[in-house]
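Residue-level listing of the chains:
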Amino acid sequence: MAQNKSPNKEPEVKCSNEGRRDFLKQSSLYAAFAIMPAALVKAAETEMDEKTAGYFEKVSVSLEVNGRSRELLVEPRVTLLDLLREQLNMMGTKKGCDHGQCGACTVHVDGRRVLSCLSLAVMQDGKKVTTIEGLTSGDKLHPMQEAFIKFDGFQCGYCTPGQIMSGVACIIEGHANSDDEIREYMSGNLCRCGAYPNIVKAIAHVKKGGQ
Amino acid sequence: MINFEYINVSTSEAAVNALVKDTGAQWIAGGTNLVDLMKKGVMSPEKLVNINNLPFREIKKDGNILHIGALALNSEVADNELVKKEQPLLSLALKAGASQQIRNMATVGGNMMQRTRCPYFYNTDLPCNKREPGTDCGALKGYNRMHAIFGASEKCIAVHPSDMCIALVALDATVLVKGPKGERSVAFQDFHRLPGDTPQKDNTLERGELIVAIRIPDNQFKQQVHYLKIRDRTSYAFALVSVAAAINMVGDKISDARLAMGGVSHKPWRLTEAENFLKNKTASEAVFRQAADVAMRSAKSYGHNNFKLKLAPNTLVEALKAVTGKL
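Every chain is numbered independently, its residues counted from 1 as its sequence is written. To read the labels, note that chains go from A and ligands from 1, taken in the order they are written. It should be noted that, the model being predicted, local features are given only for residues of pLDDT at least 70 and side-chain atom pairs only at 80 or more, the latter also being counted only at that level, while totals for whole chains, interfaces and linings use all residues.

1. Things to note about the overall build of chain A
- When you go through chain A residue by residue, the secondary structure sums to nine helices and five strands.
- Along its sequence from the N terminus, chain A presents helices and strands in the succession α-α-α-α-β-β-α-β-β-β-α-α-α-α.
- Relative to its 211 residues, chain A shows a buried fraction of 43%. We count a stretch as a helix when DSSP gives it H or I for four or more residues in a row; a strand needs E for two or more, and each element gets its number in order from the N terminus. Three classes are used. A residue is buried when 20 or more other C-beta atoms lie within 10 Å of its own, exposed when 12 or fewer do, and partly exposed in between, with C-beta atoms placed from the backbone.

What follows is the structure in structure tokens.
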């Protein structure tokens with residue numbers, strides 16, 4: 001279904017692979033289940049404004065990821081993080097704790113930084129998602145990425161995509177006016193290597209307009 | 001995560017109906033606590049009803065009441081100009097909780113509905129009367145450093161985790177709810193409950209009752225407020241003890257006080273007796289210390305949390321010093 005609807009076939013081919021082909025086969029099977037009368041009756045019974053998606057039924061979700069429209073089918077339990085990594089093969093967003101405690105999975109949804117590990121993909125329908133992959137324009141790094149390199153804002157690098165997404169948002173929100181404020185508003189992003197002083201320097205540098 | 005059915009609703013009637021008709025259904029708003037609990041297997045609703053499209057996000061002045069829709073985000077409320085001007089204590093408490101990412105997802109209603117972070121509740125291998133009634137309280141004789149010192153029972157010594165709610169109980173907020181029998185208002189003080197013999201119930205809502213808004217009446221406290229949160233790290237940790245304080249002074253005399261404590265009870269713990277003690281007293285550290293003694297009268301600790309018997313009154317005294325400018 002998604003393939004037929006796509007006005008631009010080329011990108012669809014790009015992200016397709018064995019897994020995706022299986023997924024499409026499966027999903028057309030689930031789509032068949034979806035129009036079974038039982039499901040429709042159930043929706044009418046409870047006077048819902050939308051149809052209930054069953055246990056293993058995949059739900060169609062439209063979202064924009066880094067400026068590109070995506071039509072996807074997901075089980076209700078799939079998180080935005082798993083959707084990005086497993087279905088869209090975008091590995092930039094990291095799975096750290098998977099319980100909303102570390103911030104490694106931070107992405108922007110409709111301009112706000114959120115934890116993708118605690119966001120259900122079905123609830124992001126119609127929203128705009130920006131990941132670390134969406135910060136660069138061509139080969140040019142985002143100033144925050146440049147600053148993390150310049151100030152050595154990481155060691156192992158695993159928390160870095162989340163730190164950078166959070167740092168960019170921190171400035172946009174207007175919460176980067178002092179080192180203390182940066183530390184407070186970056187507290188949702190843990191760095192077990194302990195690169196905190198340099199992360200604060202990098203964010204403060206970008207805030208001051210440094211390139 | 002165990003799979004579940006899923007539906008979007010866009011009216012409060014449909015939202016209420018969904019829970020009344022379907023015993024396995026549960027609402028989801030920000031999901032910051034529920035999704036985590038579902039991953040841990042602590043909660044496994046058969047159906048999630050997404051209520052984010054309901055029109056309950058408005059923050060407005062309604063006569064002499066500040067009205068905050070239940071779906072307003074924690075970050076929106078914390079940074080809202082009207083909230084900062086009229087009820088700055090609420091803004092301070094919200095900013096002391098969670099991280100900006102979580103505040104960007106979490107709603108006001110969801111904040112009130114969040115479950116305890118007691119490790120026995122969170123670990124399905126351990127006993128917990130709140131998660132599984134009848135299995136006993138693992139924390140009572142177990143590891144209970146984070147646990148309650150006020151109003152606990154033999155069945156449960158868990159604490160309510162919110163910061164926002166500590167401010168709201170101090171500010172005499174009311175909760176507007178809509179359920180199968182229509183709308184009603186609940187005093188914030190009566191919204192959450194003590195564990196007693198039924199710790200599985202965190203609050204006094206009936207099945208199918210949806211939080212529509214919180215409403216805070218005008219007061220004279222304005223900027224003479226303070227939220228002091230003591231925790232294991234400076235930011236992004238739950239409170240060991242927190243104090244919300246709002247004071248009116250006439251000269252050096254306290255004419256009115258609102259005090260509440262977090263991290264110490266199964267519900268946001270209002271310190272009414274200490275408030276009454278402070279009325280018409282001249283502000284001084286000695287008086288604050290006496291008020292703290294009054295506040296601590298019914299306190300009881302369980303071993304690892306013995307330190308809270310000292311930390312709680314000290315936190316109250318420090319909050320009072322800050323709010324009265326007697327630092």
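2. Description of the confidence of the model for chain A
- Per-residue confidence for chain A averages 84 on the pLDDT scale, and 76% of its residues sit at or above 70.
- pLDDT expresses how confident the predictor is about each individual residue, on a scale running from 0 to 100. Residue pairs qualify as contacts under a 7 Å threshold applied to their C-beta atoms, which are placed from the backbone. Counting interchain partners and residues more than four positions distant, the pLDDT-below-50 stretch residues 1-47 of chain A has 35 contacts.

3. A word on the interface of chain B and chain A
- Listed as interface residues are 31 residues of chain B and, on the opposing side, 33 residues of chain A.
- Elements supplying a minimum of two residues to the side of chain B that touches chain A: strand S1 (5-8), helix H1 (12-21), helix H2 (34-40), strand S3 (47-50) and helix H6 (100-103) of chain B.
- Under the scheme applied, nonpolar residues are Ala, Val, Leu, Ile, Met, Phe, Trp, Tyr, Cys and Pro; charged residues are Asp, Glu, Lys and Arg; polar residues are all the others, including Gly. Grouping the constituent residues of the side of chain B that touches chain A by class yields twelve nonpolar, 14 polar and five charged.

4. Some points on the domain arrangement of chain B
- Residue ranges assigned to each domain were obtained from an automatic or database domain assignment. When cut into domains, chain B gives domain 1 (5-52) and domain 2 (225-324).
- Domain 1 of chain B and domain 2 of chain B are separated by 36 Å when their C-alpha centres are compared.

5. A few points about the sheet that holds strand S6 (residues 174-179) of chain B
Residue and element names in this part refer to chain B.
- Judged by pairing direction, the sheet is antiparallel, and its five strands sit side by side in the order S4-S5-S8-S6-S7 without closing on themselves. Two strands in the sheet have a free side with no partner beyond their single neighbour: strand S4 (59-62) and strand S7 (182-187). Looking at each pair of strands side by side, their axes are set apart by 25° on average, direction ignored.
- Pairing of S6 with S7, which is carried by six bridges, proceeds in the antiparallel orientation. Considered in S7, the bridge of Val175 is made with Val186.
- Simply put, an axis is a line fit to the C-alpha atoms, just over the touching stretch for a helix, and the angle between two N-to-C directions goes from 0 to 180 degrees. Those strands touched by H1 are S6 and strand S8 (210-217), and its axis lies near 125° from that of S8. DSSP calls a pair of strands paired once it identifies at least 2 bridges connecting them.

6. A look at the sheet that holds strand S4 (residues 112-115) of chain A
Residues and elements named next belong to chain A.
- On the basis of which strands lie adjacent, the open sheet formed by five strands has the order S2-S1-S5-S3-S4 and mixed pairing. One side of each edge strand has no neighbouring strand; the edge strands of this open sheet are strand S2 (68-74) and S4. Sheet twist, expressed as the average angle between the axes of neighbouring strands with direction ignored, equals 40°.

7. Thoughts on the pairing of S1 of chain B
All names here are of chain B.
- What you see with S1 is no split at all: Glu5 and Ile7 on one side and Tyr6 and Asn8 on the other are buried throughout.
- For S1 and S3, the ladder comprises four bridges, and the chain directions are parallel. Bridging across to S3, Asn8 finds its partner in Asn50.

8. A few points about the packing of helix H7 (residues 160-173) of chain A against helix H9 (residues 196-207) of chain A
Residues and elements named next belong to chain A.
- Closest axis-to-axis distance for the H7/H9 pair is 10 Å, and the angle between their directions is 40°. Judged by the inter-axis angle, H7 sits oblique to H9. For H7 against H9, the interelement crossing comes out right-handed. Every residue of H9 that contacts H7 at Gln163, Gly167, Cys170 and Ile171 is listed here: Ile199, Ala202, Ile203, Val206 and Lys207.
- Here the contact of H7 with H9 is built from residues that sort into six nonpolar, two polar and one charged. Orientation labels follow simple angle bins: below 35 degrees gives roughly parallel, above 145 gives roughly antiparallel, 65 to 115 gives roughly perpendicular, and whatever is left gives oblique. We call a crossing left-handed when the near helix sits turned anticlockwise from the far one by less than a right angle, and right-handed when that turn is clockwise.

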